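What the coordinates show
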Amino acid sequence: MRFSSYHDLRRKLLDRETTCEAVVGDYLERIRDNADMNVYISVFSDTALERARELDQKLDAGGQPGRLFGLPMGIKDNIAVEGAPLTCASRILSGYTSVYNATAIDRLLAEDAVFLGKINMDEFAMGSSNENSFFGAVANPHDNTRVPGGSSGGSAAAVAADLAMVALGSDTGGSVRQPAGFCNTVGLKPTYGRISRYGLVAFGSSFDQIGILSRDCDDAALVLGVMAGFDSADATSSHHPVGDYGSEMDAVSVKGLRIGVPGEYFPETLNSEVAAMVTGRLEALRDMGAELHEITLPQSDYAIAAYYILTTAEASSNLARFDGARYGYRSPEAEDLSSMYVNSRTEGFGAEVKRRIMLGTYVLSAGYYDTYYKKAQQVRRVFLDSYKKALAKVDVIAGPTSPYPPFGLGDKTGNPLDMYLADVFTVPASIAGIPALSVPAGFDSSGLPVGLQLAGDFFSEGRLLGVARHIQGTL
Ligand code: GLN
């Protein structure tokens with residue numbers, strides 16, 4: 001049995017048209033049948049079925065079903081699930097098993113979600129194509145010669161291929177939105193601090209957010225409502241009250257909605273079909289009564305430079321803990337403490353992770369700190385101010401999620417800078433910490449998915465999802 005979304009599945013579960021055990025069994029079978037897609041790093045074959053049976057028993061015994069009762073989910077492998085391997089798609093964490101649950105995971109479990117397994121990703125969430133995984137690349141379900149995007153490429157592919165109904169990803173500079181766009185799913189990066197980062201392995205701590213990949217906006221809203229909220233284990237999580245996202249979505253009316261369209265998001269180099277399709281969606285909203293306002297985000301050209309200075313600085317510090325002593329992989333070649341560190345890190349990290357650690361330590365070094373790191377922090381402030389200015393005049397900001405449709409496997413692996421530029425449209429919202437999402441805008445003439453990105457003011461997730469639902473409705 002296939003289901004259009006969680007809402008459909010939930011109704012059938014509660015009406016006893018099917019059982020959690022049957023549904024989870026189907027998902028596990030599909031995951032096995034599609035093992036060549038390389039979406040999962042570990043599959044919870046036994047524990048998922050066990051949990052499904054427990055949920056069925058709970059319902060039979062007259063228990064109250066949780067808000068996510070029987071929702072089959074996949075979890076990006078940089079989020080801690082107690083007792084399960086946690087690899088971050090890196091050799092350096094091979095053999096490591098998580099000893100606790102991330103707060104988001106605890107909250108999902110408390111509402112009766114079921115976890116199918118841990119999902120492939122770029123190593124330590126560094127990448128835009130999922131090709132930086134120690135476990136190998138993931139194919140795009142819409143064209144298996146192309147990438148699914150990254151770093152949450154496995155999570156987007158899982159939802160697109162129905163190997164999970166909803167998947168968790170993480171977004172530091174676009175890692176939920178860009179793969180969502182490449183795989184024709186919804187991908188939401190909430191406001192920084194909206195969801196606790198406790199149990200999310202840190203990459204760029206002042207950017208990282210757990211995000212949601214789903215088929216539609218209602219499922220994303222539901223899962224967000226469960227995970228969001230203050231957590232005493234994460235000092236950067238927000239006390240801002242959690243919205244009733246369902247009603248916030250319902251309250252969004254297209255009539256009079258002010259959509260800001262930044263000229264910088266439609267450069268001449270933009271793929272022409274992407275430009276036409278995104279514009280087409282926005283014009284469809286205008287025909288329904290929305291107002292399109294040309295706006296400017298003049299600092300956009302500096303986004304990639306500022307992002308790669310700030311996040312590599314944070315990454316170089318965050319990844320210092322992987323030293324061969326505390327977690328996972330230890331080189332057998334070591335003769336003394338120092339060579340144990342060096343060899344474990346040399347053999348344990350992939351090329352992109354090493355590149356970023358080197359870049360990060362360089363921009364933080366005494367001689368260059370002011371020139372690079374401090375400057376980039378100042379640029380960060382400029383981004384925030386310019387978004388504030390723009391968002392005083394418009395309700396949401398819209399543009400393409402990515403400058404082009406999914407590219408071919410191997411196309412950009414030889415040119416890191418070109419790979420970094422894949423995130424040119426997603427990085428700015430991460431620099432400012434505001435929420436943003438990608439919603440499907442249709443398929444181009446080659447049948448490849450194109451995503452439309454919406455960004456808005458802090459904690460406006462409900463409104464963004466409401467606007468995105470209208471966009472999905474125009475397709
Ligand atoms: N592709 C970007 C990077 O490589 C974004 C990654 C992310 O959001 N985790 O840093």
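Below you will find a few notes about this structure.

Cut-off values and rules
- Residues numbered from 1 in each chain as written.
- Predicted model: local features only at pLDDT ≥ 70, side-chain atom pairs only at ≥ 80, totals over all residues.
- Heavy atoms only, no water.
- Salt bridge = Lys/Arg side-chain N within 4 Å of Asp/Glu carboxyl O.
- Helix = DSSP H or I, 4+ residues; strand = E, 2+ residues; numbered from the N terminus.
- Phe/Tyr/Trp six-rings, centres within 6.5 Å; stacked < 30°, edge-to-face > 60°.
- Buried < 20%, exposed > 50% of the residue type's maximum accessible area, 1.4 Å probe, protein only.
- Expected span 1.5 Å × (residues − 1).
- Near = heavy atom within 4 Å.
- Polar contact = N/O pair within 3.5 Å; in protein donor to acceptor, adjacent residues only side chain to side chain.
- Nonpolar A, V, L, I, M, F, W, Y, C, P; charged D, E, K, R; others polar.
- Pairing = 2+ DSSP bridges.
- Axes fitted to C-alpha atoms, helices over the stretch in contact; angles between N-to-C directions.
- Contact = heavy atoms within 4.5 Å.
- Arc of directions from axis to C-beta.

1. Structural notes on the pattern of salt bridges
Overall, the coordinates contain 22 salt bridges when judged by the stated rule. Of the charged contacts in the structure, one is a salt bridge between Arg67 and Glu111, with a shortest N-O distance of 3.6 Å. Taken together, the residues Arg67 in the loop between α3 (45–60) and β2 (72–76) and Glu111 in the loop between α4 (103–110) and β3 (114–119) connect sequence positions 44 residues apart. A salt bridge links Arg326 to Asp323, with the shortest nitrogen-to-oxygen separation between them at 3.2 Å.

2. Topic: the packing of aromatic side chains
This structure, assessed with the given rule, holds 16 aromatic pairs. Ring centres of Phe134 and Phe135 lie 5.4 Å apart, and the angle between their planes is 75°; on these two criteria the pair is classed as edge-to-face. On the basis of relative accessible area, Phe135 is assigned to the partly exposed category, the value being 34%. Centroid distance Tyr362 to Tyr372: 5.9 Å. Interplanar angle 45°. Geometry classified as tilted.

3. Some thoughts on helix α10 (residues 303–318)
Every α-helix carries 3.6 residues per turn, so stepping three or four residues along brings you back to the same face. The end-to-end C-alpha distance of α10, which contains 16 residues, comes to 22 Å, matching closely the 22 Å that a straight helix rising 1.5 Å per residue would cover. Summarising burial for α10: 14 of the 16 residues are buried, a large majority.

4. Considering the site of the ligand
Not every one of the 15 residues close to the ligand is listed here, only the nearest: Thr172, Gly173, Ser175, Tyr307 and Asp423. Ser175 places a polar side-chain atom, nitrogen or oxygen, 2.7 Å from an oxygen atom of the ligand. At 2.7 Å, a side-chain N or O of Tyr307 approaches an oxygen atom of the ligand. Its residues assigned to classes, the shell around the ligand comprises five nonpolar, seven polar and three charged.

5. Some thoughts on the sheet that holds strand β10 (residues 436–443)
Read from one edge to the other, the open sheet built from eleven strands follows the order β1-β3-β2-β4-β6-β5-β10-β11-β9-β7-β8, with strand pairing classed as mixed. Strand pairing shows two members of the sheet lacking a second neighbour, β1 (40–43) and β8 (291–295), which therefore form its edges. Shown here is a sheet whose adjacent strand axes are inclined to one another by a mean of 30°, direction ignored. Packing against the sheet, helix α9 (residues 272–287) makes contact with β7 (258–262), β8, β9 (396–400), β10 and β11 (449–455), and its axis sits at approximately 55° to β11.

6. A short note on the side chain of Ser155
On the secondary structure map, Ser155 appears in helix α5 (residues 153–160). Among all residues touching Ser155, those that are not within four sequence positions of it are Lys76, Ile119, Asn120, Ala167, Leu168, Gly169 and Leu213.

7. Focus on the environment of Ser460
Position of Ser460 among the secondary structure elements: in the loop between β11 and α16 (461–473). You can call Ser460 buried: its relative accessible area is 9%. Of the polar contacts made by the side chain of Ser460, one reaches the backbone oxygen of Asp457; its length is 2.7 Å.

8. Focus: helix α12 (residues 351–364)
Along its 14 residues, α12 runs 20 Å from first to last C-alpha, staying within 8% of the 20 Å computed at 1.5 Å per residue. Burial in α12 covers these residues: Glu352, Val353, Arg356, Ile357, Gly360 and Val363. Looking down the long axis of α12, one finds its buried residues gathered within 140° of arc, a one-sided arrangement. Away from its buried face by more than 90 degrees, α12 exposes Ala351 and Met358. Looking at the packing, one finds that the buried side of α12 touches α10, α11 (337–348), α13 (369–391) and α14 (416–420).

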